[in-house]
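Residues per chain are reported as follows:
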Amino acid sequence: MKLVSVVVPCYNEQEVLPMFYEEITKVTAGMAKEHPDLEFEYLFINDGSKDRTLEIFRELADKDKRVRYISFSRNFGKESGMYAGLKNAKGDYVVVMDADLQHPPAFLPEMYNYVKDGEFDCATTRRVSRTGESKVRSAFARLFYKIMNKISQTEIVDGAQDFRFMTRQMVDAILEMSEYNRFSKGIFSWVGFKVKYMPYENVERMAGTTSWSFWGLFKYSLEGIMAFSTAPLSLSVFFGIASFLAAVILVFMGLVIALFTDISMGWFFVISAILAVGGIQLGCTGILGMYLAKAYMEVKKRPIYIAGETDEIYRSRKNNGAQAVSLEKNDVSPQQ
Ligand code: UDP
Ligand code: MG
C-alpha cells in the first residue's frame, strides 16, 4: 500500500472547511478506486484560528480515522503551517493545498499520474491568469518575479503555487532546509527535482476571506528576496565604485580647467574629495556586506547537495512496479 498525506494549513477557515472535506474525500475515494494500492490521510494544521476551525477538526477526526490535525498555540503563518505538515506527514506522497478550494482537489488524480512512475517528483499548478485580483496587485506581483529572477540564482516561476503533489524524496529534501525564515516558493524551486507545471485559470476562494493584505504580501516578497538573494547586501559596493570613479573624473576635469583658465577650482576639489571618501566608505561597507552574505548563507545550513536518483531508488522503484503488476495478477485470478 502507498500512503498519500494531504496537508492543509488553515487559518480561520470555518466557512469553507466542511465544503473542502466533502470535495477532497470525494476525489480521493475516486483515486482509491482507480488505484487500489492508495491510502489517504488528511493532516490539517490549525494556525491559531480565532473561529471554530479547531472544533471542526475535532468533529472530522471523530467521524473519520484518516483525519489528523495539529493545532498551533498561536498564529505562526502559513509557512510554519506547511512545515509542520510536511514534517508530520507519514505518506509516501505528500500533497500541500489550501483549504479555500482555490487549489481544486479535482487536479489530484492527474497530478498523481505524473508522479506515480517516477517521471516527475512533483506536480504543481501554475496560474496563467490572475482573474479576481486587482490590477495593482498583479502589477506588483509581476514586478516581484522580475526583480527576484534577476538577482537570485534560484528561479521562481511566475504564477507557481503552493499546491503540490510531491514524492517522499522531495519532501525529505525540503525538510533538510531547516532555515527559520521560510519562503516556500523559493524552497520548492531550490531543491530542484523534476517538476510538472500544470497551467490553470485562477479560481476565487469559495468562502471566507483571504488573510493576505497588500502590505502583508509586500513584506512576504521582501522576505523572499532576502531569503534567496544576497544582492542587496553587496549593493553598496557598486555605488561606492561609481562614486569613486565620478570623483576621479571630476578631479581630472578640475585640473584641466584650472590649468587652462583662471577660474578658481578649490570648491570643485572639495566636492571631489567628498565623493572619493564617500565612495571608499561605501565600497568598504559593501565588502563587509559580501562577507556577511557568505556568513548568512552558511548560517542557513542548507544541504550541500540533493540526490535526485540513486541506484537504490531506481531498484526500489523497479521492485514496486513489479509488485504492482503481480498484485494486479492476483486480483484477477480468483475471478477466473
Ligand atoms: N493560512 C494559514 N496561516 C495564515 C494565513 C493563511 O495557514 O496565517 C492558510 C489559509 O487558511 C489557506 C492558505 O493558507 O488555507 C492560503 O491563504 P489565503 O487563501 O488567505 O491566501 P490567498 O489564497 O489569498 O493567497
Ligand atoms: Mg486562497
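Preceding this section is the structure that the text describes.
Presented here is an overview of the structure given in this document. (Residues numbered from 1 in each chain as written. Chains lettered and ligands numbered in written order. Predicted model: local features only at pLDDT ≥ 70, side-chain atom pairs only at ≥ 80, totals over all residues. Heavy atoms only, no water.)

**Some details on the coordination of the magnesium ion (ligand 2)**
Basically, it comes down to this: For Na, K and Ca the donor cutoff is 3.2 Å, while for all other metals N, O and S atoms count as donors only within 2.8 Å; water does not appear among the atoms, so some sites may look incomplete. Type-normalised accessible area, obtained with a 1.4 Å probe on protein chains alone, sets the label of each residue: buried when under 20%, exposed when over 50%, and partly exposed for intermediate values.
Around the magnesium ion (ligand 2), the protein contributes the donor atoms D100 (OD) and Q102 (OE1), at 1.9 Å from the metal centre. On the basis of relative accessible area, D100 is assigned to the buried category, the value being 3%.

**So, the nonpolar core**
The criterion, for reference: The criterion is simple. A nonpolar core is a set of buried Ala, Val, Leu, Ile, Met, Phe, Trp, Tyr and Cys residues joined through side-chain atoms within 4.5 Å. Secondary structure elements follow DSSP: runs of H or I of four or more residues count as helices, runs of E of two or more count as strands, with numbering from the N terminus. Whether two residues are in contact is decided by their heavy atoms, any of which lying within 4.5 Å being enough.
Ranked by internal contacts, the top residues of the largest apolar core, which has 36 residues, are F44, M97, L108 and F165. For this core, the secondary-structure elements that each account for two or more residues are β1 (2-10), α1 (17-34), β2 (38-46), α2 (53-63), β4 (93-96), α4 (108-115), β6 (160-167) and β7 (195-200). Those residues in contact with F165 that sit more than four places away from it in its chain are V4, M31, Y93, V94, V95, L108, M111, Y112, V115, D121, C122 and A123.

**Overview of the site of ligand 1**
Selection criterion: Residues are labelled near a given molecule or strand when at least one of their non-hydrogen atoms is within 4 Å of it. Pairing of N or O atoms within 3.5 Å defines a polar contact, subject to two protein rules: one partner must be a possible hydrogen donor and the other a possible acceptor, and residues neighboring in sequence count only if both atoms are side-chain atoms. What sets the accessible areas is the Shrake-Rupley method with a 1.4 Å probe; for residues, cover comes only from the shown protein chains. Throughout this entry, Asp, Glu, Lys and Arg are counted as charged residues, while Ala, Val, Leu, Ile, Met, Phe, Trp, Tyr, Cys and Pro are counted as nonpolar. The remaining residues, Gly among them, count as polar.
By nearness alone, 16 residues border ligand 1, and E13, D47, D100, Q102 and R205 come closest of all. Residue D100 places a side-chain N or O atom 2.7 Å away from an oxygen atom belonging to ligand 1. Side-chain polar atom of T210 to an oxygen atom of ligand 1: 2.7 Å apart, as the coordinates give it. Contact with the protein chains hides 86% of the accessible area of ligand 1, taken as 530 Å² for the molecule alone. Across the shell around ligand 1, the residue classes break down as 5 nonpolar, 5 polar and 6 charged.

**Digging into the side chain of E79**
Which entries qualify depends on this criterion: Only four residue types enter the tally: Lys and Arg on the positive side, Asp and Glu on the negative side, with His and both chain ends excluded. Salt-bridge detection follows one rule: a side-chain nitrogen of Lys or Arg within 4 Å of a carboxyl oxygen of Asp or Glu.
Mapped onto the fold, E79 is located in helix α3 (residues 78-88). The charged side chain of E79 is buried without a salt bridge, its nearest counter-charge being R182 at 5.0 Å. One polar contact links E79 to S184, side chain to side chain, over a distance of 2.6 Å. Other than its neighbours up to four places away in sequence, E79 contacts R182, F183, S184 and Y220.

**Observations concerning the sheet that holds β6**
To keep things clear, this is the line we draw: Note on pairing: two strands pair once DSSP finds at least 2 bridges between them. Note on definitions: angles span 0 to 180 degrees between N-to-C directions of axes, and those axes are lines fitted to C-alpha atoms, for helices only across the stretch in contact.
Across the sheet, 7 strands lie side by side as β3-β2-β1-β4-β6-β5-β7; this open sheet has mixed pairing. At either margin of the open sheet sits one strand with a lone partner, and together these are β3 (67-71) and β7. Pairwise comparison of adjacent strand axes, ignoring direction, gives a mean angle of 20 degrees for this sheet. Sheet analysis places strand β5 (residues 122-127) next to β6, joined by 4 bridges and oriented antiparallel. Across the sheet, the residue bridging to T124 is R164, located in β6. On top of the sheet, α1 reaches β1, β2, β3 and β6; it is set at about 160 degrees to β2, its chief contact.

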